[in-house]
Amino acid sequence: VLSHNLCTVLNVPHDPVALEEHFRDDDEGPVSNQGYMPYLNKFILEKVQGNFDKVEFNRMCWTLCAKKNLSKSPLLISDEDAFKVWVIFNFLSEDKYPLIIVPEEIEYLLKKLTEAMGAGWQQEQFDHYKIALNTSREGLSAWELIDLIGSGQFSKGMDRQTVSMAINEVFNELILDVLKQGYMLKKGHKRKNWTERWFVLKPNIISYYVSEDLKDKKGDIILDGNCCVEALPDKDGKKCLFLIKCLDKSFEISASDKKKKQEWIQAIQSTVSLLRAGSPPPHKEARQKRKELRQKLLAEQEELERQMKELQTANENKQKELETVRKQLEAAAARAAEEEKKRLQTQVELQDRFSLELEREKMVRQKMEEQVAQKSSELEQYLQRVRELEEMYKQLQEALEVEKQARQDEETVRKLQARLLEEESAKRAELEKWHLQQQQTIQMTEAEKQELENQRVIKERALQVAMQQLEQLELERKEALEQYEEVKKKLETAANNTRSWKDKVAHHEGLIRLIEPGSKNPYLITHWGPAAFTEAELEQREKSWKGKKSSAE
């Protein structure tokens, strides 16, 4: 069953006859890993062409080993997320068995996950964890890495969905080689209509789907070193346009905003540049560089250990030489003492000579001891230099982190300065516009002020003329008032005269009537012509007569 599933996943034809022939003489019970590997290498792995689905292959391997090795304790991540962490482990682990992931790669993975979750990286917390890890082992296994991420030790405050989305984003980048993905509008080649598609950029292809679930694939854009991408001006009501030119076809794309447009153009240009240079994807190249750096540091460390061993061996050899010289000196001293006893009485000169030789040997011994002390000092200086180099290496790592942070801060400040400059330019243009309007208003106000001044002068002149006319009218009014008083007096005199005449006539009614201005009403006609009184006066006089008549009766 295992062989058949491997052949199915790897697109290799299964040969059951070869399987039976290979294990025909094996009657010693279950097949071990070592017993199965020759068949696996010869009949399956040697026939692999590379045209298989690596994710499905990893999923089958995960099915074989997850149930036995995965921790039973509850984790913050799902089984699918644990599978993706396991695949990422296989990508980042060292090329030696048993497979482990070293602390540097653990830090790289946790930083990627933290960045994808939008949280801040806790360097101090990881340093404590790294120190505790280095004291016990060289790295973590796949299952220990799953427990570390699933425990939430470095994702405190994040929910399961956020952690799952971060794992999926890192999985897409490191395993599926997804350099960028997102929704954009694509112009059709036949109907020329615009349709929203989910685009996925990989190292040599851009695939576009109906939606981000990647179930309904609509087409591919094959990238090579001859492709290019360029920005287009807005047209047909579409904005943020750019064009992907290939050998056989071109594609017009519309991004959601200018930032997305620039990010896609830069990502595609970088991909095409890597294809021209024949370079691997950025994350694989970065992994290779990190591995080469670790190998270089390991080689330097091994070289230092080798030099330390050589120095230690040289020191031991010097100690042995000093011990040999000491023994020789002791033997020579014994011989000299013995000869001195024998020849003390007869050979004084020989005694002096031996004394000189003894002094000379003492000097040689002193020189040897000085050389040994000098070598010991040199060894101590070398060890001090090694410690300084280790300290410099730590400082260099810290400086690189500080420089990286400073570059990010510088980019943020540069963007802020650009935005402030744009706002300042807009405000300056607006102030200049206001200043021009104020100048025009001042000029118009000056003109209106001059016109009002002229009107004020004209009105003052007219007022003076009117005052003169008013004074003249005042004089004429006074004259007319005096004439009116004279006429009034004449009228009063005439009225008095008339009243006296009316009193006289009242005693002789009907006989005499004063001649007065006739009424405008119709005149009464008598036997002698027009009457000297009106109809109203006649009615009044009739009432007066009737009254007098009734009083007389």
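What you see is a predicted model, and the numbers here were worked out from it, not measured in a lab.

Scoring rules and cut-offs
Residues numbered from 1 in each chain as written. Predicted model: local features only at pLDDT ≥ 70, side-chain atom pairs only at ≥ 80, totals over all residues. Heavy atoms only, no water. Helix = DSSP H or I, 4+ residues; strand = E, 2+ residues; numbered from the N terminus. Rg over C-alpha atoms; globule rule 2.2 N^0.38 Å. Buried < 20%, exposed > 50% of the residue type's maximum accessible area, 1.4 Å probe, protein only. Contact = heavy atoms within 4.5 Å. Areas by Shrake-Rupley, 256 points an atom, 1.4 Å probe, with all protein chains shown as cover. Lys, Arg positive; Asp, Glu negative; His and termini not counted. Charge placed at Lys NZ, Arg CZ, Asp CG, Glu CD. Core = buried A, V, L, I, M, F, W, Y, C linked by side-chain atoms within 4.5 Å. UniProt positions renumbered as here; feature names shortened; annotations may be inferred. Phe/Tyr/Trp six-rings, centres within 6.5 Å; stacked < 30°, edge-to-face > 60°. Salt bridge = Lys/Arg side-chain N within 4 Å of Asp/Glu carboxyl O. Axes fitted to C-alpha atoms, helices over the stretch in contact; angles between N-to-C directions. Parallel < 35°, antiparallel > 145°, perpendicular 65-115°, else oblique. Nonpolar A, V, L, I, M, F, W, Y, C, P; charged D, E, K, R; others polar.

The next point concerns the overall build of the chain. Of the regular secondary structure elements, the chain holds 13 helices and 9 strands. Against the compact-globule benchmark of 24 Å for 553 residues, the chain has a radius of gyration of 61 Å, which places it well outside the compact range. Projected onto the principal axes, the alpha-carbon positions of the chain cover approximately 215 × 95 × 60 Å. Among the 553 residues that make up the chain, the fraction classed as buried is 24%. Contacts in the chain between residues far apart in sequence, at least 24 positions, make up 54% of those at least 6 positions apart. Roughly 41,000 Å² of accessible area belongs to the chain as shown, and the carbon and sulfur atoms make up 53% of that amount. Positive and negative side-chain charges of the chain, numbering 90 and 99 respectively, have mean locations separated by a distance of 5 Å.

Core analysis: the biggest nonpolar cluster contains 38 residues, and Trp62, Trp86 and Ile146 have the highest contact counts within it. Elements that contribute at least two residues to this core include exactly α4 (54–69), α5 (79–92), α6 (103–117), α7 (123–136), α8 (142–150) and α9 (160–174). Excluding anything up to four places from it in sequence, tryptophan 62 contacts Leu70, Asp79, Ala82, Phe83, Trp86, Trp143 and Ile146. Counting 21 residues, the second largest nonpolar core, distinct from the first, contains Leu201, Phe242, Phe251 and Val272.

What follows covers the UniProt feature "domain: PH" (unreviewed entry) in the chain. If you check UniProt for "domain: PH" (unreviewed entry), the listed places come out as residues 177–273 in our numbering. Counting secondary structure, residues 177–273 comes out at 16% helix and 44% strand; the distance between its end C-alpha atoms is 16 Å.

On to the side chain of serine 3, then. Along the polypeptide, serine 3 turns up in helix α1 (residues 2–9). Apart from the residues within four sequence positions on either side, serine 3 is in contact with His14, Leu19, Tyr36, Tyr39 and Ile44.

Below, the discussion takes up the packing of aromatic side chains. Counted according to the given criterion, the structure contains 8 aromatic pairs. Taking the centre distance of 6.0 Å and the plane angle of 65 degrees together, the rings of tryptophan 62 and phenylalanine 83 count as edge-to-face. Of this pair, tryptophan 62 sits in helix α4 while phenylalanine 83 is found in helix α5, placing the two residues 21 residues apart along the sequence. By relative accessible area, phenylalanine 83 is classed as buried at 1%. Plain terms: the ring middles of tryptophan 62 and tryptophan 143 are 5.8 Å apart, the flat faces sit at 35 degrees to each other, and that makes the pair tilted. Taken as a pair, tryptophan 62 in helix α4 and tryptophan 143 in helix α8 lie far apart in primary sequence, 81 residues in all. The burial state of tryptophan 62 is the same as that of tryptophan 143; both residues are buried.

Moving on, we come to the pattern of salt bridges. Opposite charge on two side chains makes pairing possible when the charged atoms of those side chains draw close. Per the stated rule, a full pass over the model turns up 22 salt bridges. Where arginine 306 meets glutamate 310, a salt bridge forms, and the shortest distance between an N and an O atom there is 2.2 Å. With arginine 306 and glutamate 310 both in helix α11 (residues 282–343) and 4 residues apart, this pair spans about one turn of that helix. What emerges from the salt-bridge pattern is a single network uniting Glu107, Lys111 and Glu401.

Let's shift gears to the packing of α4 against α5. Their axes nearest at 10 Å, the elements α4 and α5 cross at an angle of 110 degrees. Taken together, the axis directions place α4 and α5 in an arrangement best described as roughly perpendicular. Contacts from Val55, Asn58, Arg59, Cys61, Trp62 and Cys65 of α4 reach α5 at Asp79, Glu80, Ala82, Phe83, Trp86 and Val87. Among the residues forming the contact of α4 with α5, the class breakdown is 8 nonpolar, 1 polar and 3 charged.

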